[in-house]
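# Breakdown of the fold
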Amino acid sequence: MGSFVFFLIGFSFLFVLVFFTPWFKNLSRWAKGVALLTKLFAALTMLYTYTHVYPNRNEADIFKYFDDSKALSSLAVHSPNQFLRIITGQWTDSDLPALNTMNYWFRSYDHGIANDNRIIIRVNAVLNLITQGIYELNLSFFLLLSLLGSYFLYSVFTHHSSSRWICFFTAFLLPSTLFWSSGILKEAVLLFALGGFVYSLHQVFYLRRYQSLFLLLLSLALLMQIKVYILFALVPFLGMGLLSDLLKSRWKGFLITLALLGICFSLQAFFLPDWSLLSTIQGKQFDFIQMAKALNAGSQVAVVPLDGTFWNLVKSGMLGLFNVLFFPNVFIIKPWYGAIFALENLLLWGLVVGAISSILSSKSDWGWPHFWLIFGVFVFVVIGITVPVVGAIIRYKSPVLPFVVFGLYRMQSRNIKNYVEHFKIIKWLNTRL
């Protein structure tokens, strides 16, 4: 009964912020209602999944970081200086006894990439000081972050498509993005950071709204803490788009970006000769394979073990991209709503076929949707190379999936887009947004 009451309080908090603040001003009341209700449904579905389908709380990501955060937030009362050191990342060996009381502050498998568990633990620890460690109230904050991230993407997408419904669907309603961003998870924060970064760049560079600089810096800081490889993949394509628009030439933007990347890799080889991007990916792949075996993870898929050679990387990348696009399918569906993710992949394949057909039949003027698509595909390849478990593939691709789907849709032929957008239901939905 208590959990239900707190969930209602958290949902009421979201309702007020969505409907009675200017944060979602470009959405109609109908669109706000759809976004909020689908987010609530996804959150309840996730809670059901990790309390009934997979009931081991100690292994459920939506609970384990929150549970660890309670040990950290308790230090705020008993040892505030120690709490501040850990929260700000200035902890020392003297803090190890306190850190060792948490199960997930340190990872068993960790190959040269920042431990992004810690930022979720830290965020929850700070929230606990306000919410008194009530799970449902912390959850409402993460749901707000993911709603804002989707709204940021929607706002940017509407500058590149006349169909507001397509923009709304890709930003708010893609099943895997909606599901995995609806819990106390990294994906909720990552969606906020990705959306905020792209949105604030657009606001600052194109609309000269410099008040968005704070959001730009906050999003950048979060991306550096969570899935930094996504930031590394995103920056070159953002740079390519900005330079192309500044110089009024896609080729100049491409060549200058390529030259800058060459300089960056040369500087890295000179100043950090012992570090290798390929070795880091190889180590991450090894960590995932070992962890999947140790946990006896279900729905494992084949990956090509990296050996450091170029052709091996190409083969691994091709199989990896296939895995991300092909799994899950109708043969791997668990629990029942896994069928939704399989249908999502069918949508992806349809868009891929349509995009290829459009490219072969006509010239396409490259723009931002193309850069976002290539960024998303690049992330898909990295995920496919390193992740051998279907459930993890769905989860890790979810924050960048809106970029891929929107980019693929924009690459469809004009006839296909006109056909889709002139459906009566689509035209009606456009009027409701």
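Residues numbered from 1 in each chain as written. Predicted model: local features only at pLDDT ≥ 70, side-chain atom pairs only at ≥ 80, totals over all residues. Heavy atoms only, no water.

The next subject is the overall build of the protein chain. Tallying secondary structure elements over the protein chain gives 22 helices and zero strands in all. Since a compact globule built from 433 residues should have a radius of gyration of about 22 Å, the 22 Å found for the protein chain is in line with a globular shape. Its C-alpha atoms put the protein chain at 65 × 55 × 50 Å along the principal axes. Looking at the protein chain as a whole, 51% of its 433 residues are labelled buried. The long-range fraction of contacts in the protein chain, counting pairs at least 24 apart against all pairs at least 6 apart in sequence, stands at 70%. Surface accessibility of the protein chain: about 21,300 Å² in total, with carbon and sulfur atoms responsible for 68%. Taken as two groups, the 32 positive and 17 negative side-chain charges of the protein chain have centres that lie 14 Å from each other. (Helix = DSSP H or I, 4+ residues; strand = E, 2+ residues; numbered from the N terminus. Rg over C-alpha atoms; globule rule 2.2 N^0.38 Å. Buried < 20%, exposed > 50% of the residue type's maximum accessible area, 1.4 Å probe, protein only. Contact = heavy atoms within 4.5 Å. Areas by Shrake-Rupley, 256 points an atom, 1.4 Å probe, with all protein chains shown as cover. Lys, Arg positive; Asp, Glu negative; His and termini not counted. Charge placed at Lys NZ, Arg CZ, Asp CG, Glu CD.)

Below, the discussion takes up helix α12 (residues 213-225). In a regular helix each residue adds 1.5 Å, so 13 residues correspond to 18 Å; α12 covers 19 Å between its end C-alpha atoms and thus fits that length. Within α12, the full set of buried residues consists of L215, L216, S219, L222 and L223. Buried residues in α12, looked at end-on, bunch into an arc of 135°, giving them a common side. Across α12 from its buried face, at more than 90 degrees, point the exposed residues F214 and L217. Tucked inside the fold, the buried residues of α12 contact α7 (117-131), α8 (135-157), α11 (186-206) and α13 (228-247). (Expected span 1.5 Å × (residues − 1). Arc of directions from axis to C-beta.)

Turning our eyes to something else, we now look at the packing of aromatic side chains. Under the criterion given, the structure shown has 34 aromatic pairs. Relative to F371, the ring of W368 lies with its centre 6.1 Å away and its plane at 85°, an arrangement referred to as edge-to-face. Residue W368 and its partner F371 are located together in helix α18 (residues 368-386), separated by three residues, close to a single helical turn. Ring pairing ties together the aromatic residues F157, W368, F371, W372, F375, F403 and F406, which thus form one cluster. (Phe/Tyr/Trp six-rings, centres within 6.5 Å; stacked < 30°, edge-to-face > 60°.)

A separate point is the side chain of D95. Residue position: D95 is located in the loop between α5 (80-87) and α6 (96-99). In this structure D95 touches Q82, R85 and I86, once residues within four positions along its chain are discounted.

Close contact between α13 and α18 brings their axes to 9 Å; oriented N to C, the two are set at 160°. Here α13 is positioned roughly antiparallel relative to α18, judged by the angle of their axes. Two packed elements cross with a definite hand, and for α13 against α18 that hand is right-handed. Residues Y229, I230, A233, L234, F237, L238, M240, G241, L242, S244 and D245 of α13 pack against W368, F371, W372, I374, F375, F378, V379, V382 and I383 of α18. Class assignment for the residues of the contact of α13 with α18 results in 17 nonpolar, two polar and one charged. (Axes fitted to C-alpha atoms, helices over the stretch in contact; angles between N-to-C directions. Parallel < 35°, antiparallel > 145°, perpendicular 65-115°, else oblique. Left-handed = near helix turned anticlockwise from the far one by under 90°. Nonpolar A, V, L, I, M, F, W, Y, C, P; charged D, E, K, R; others polar.)

Between its first and last C-alpha atoms α7 spans 21 Å; for 15 residues at 1.5 Å apiece the expected length is 21 Å, and the two agree. The element α7 is largely enclosed, with a buried count of eleven among its 15 residues. Tucked inside the fold, the buried residues of α7 contact α3 (61-73), α5, α8, α11 and α12. After α7 finishes, the residue Q132 shows a positive phi value of roughly 65°.

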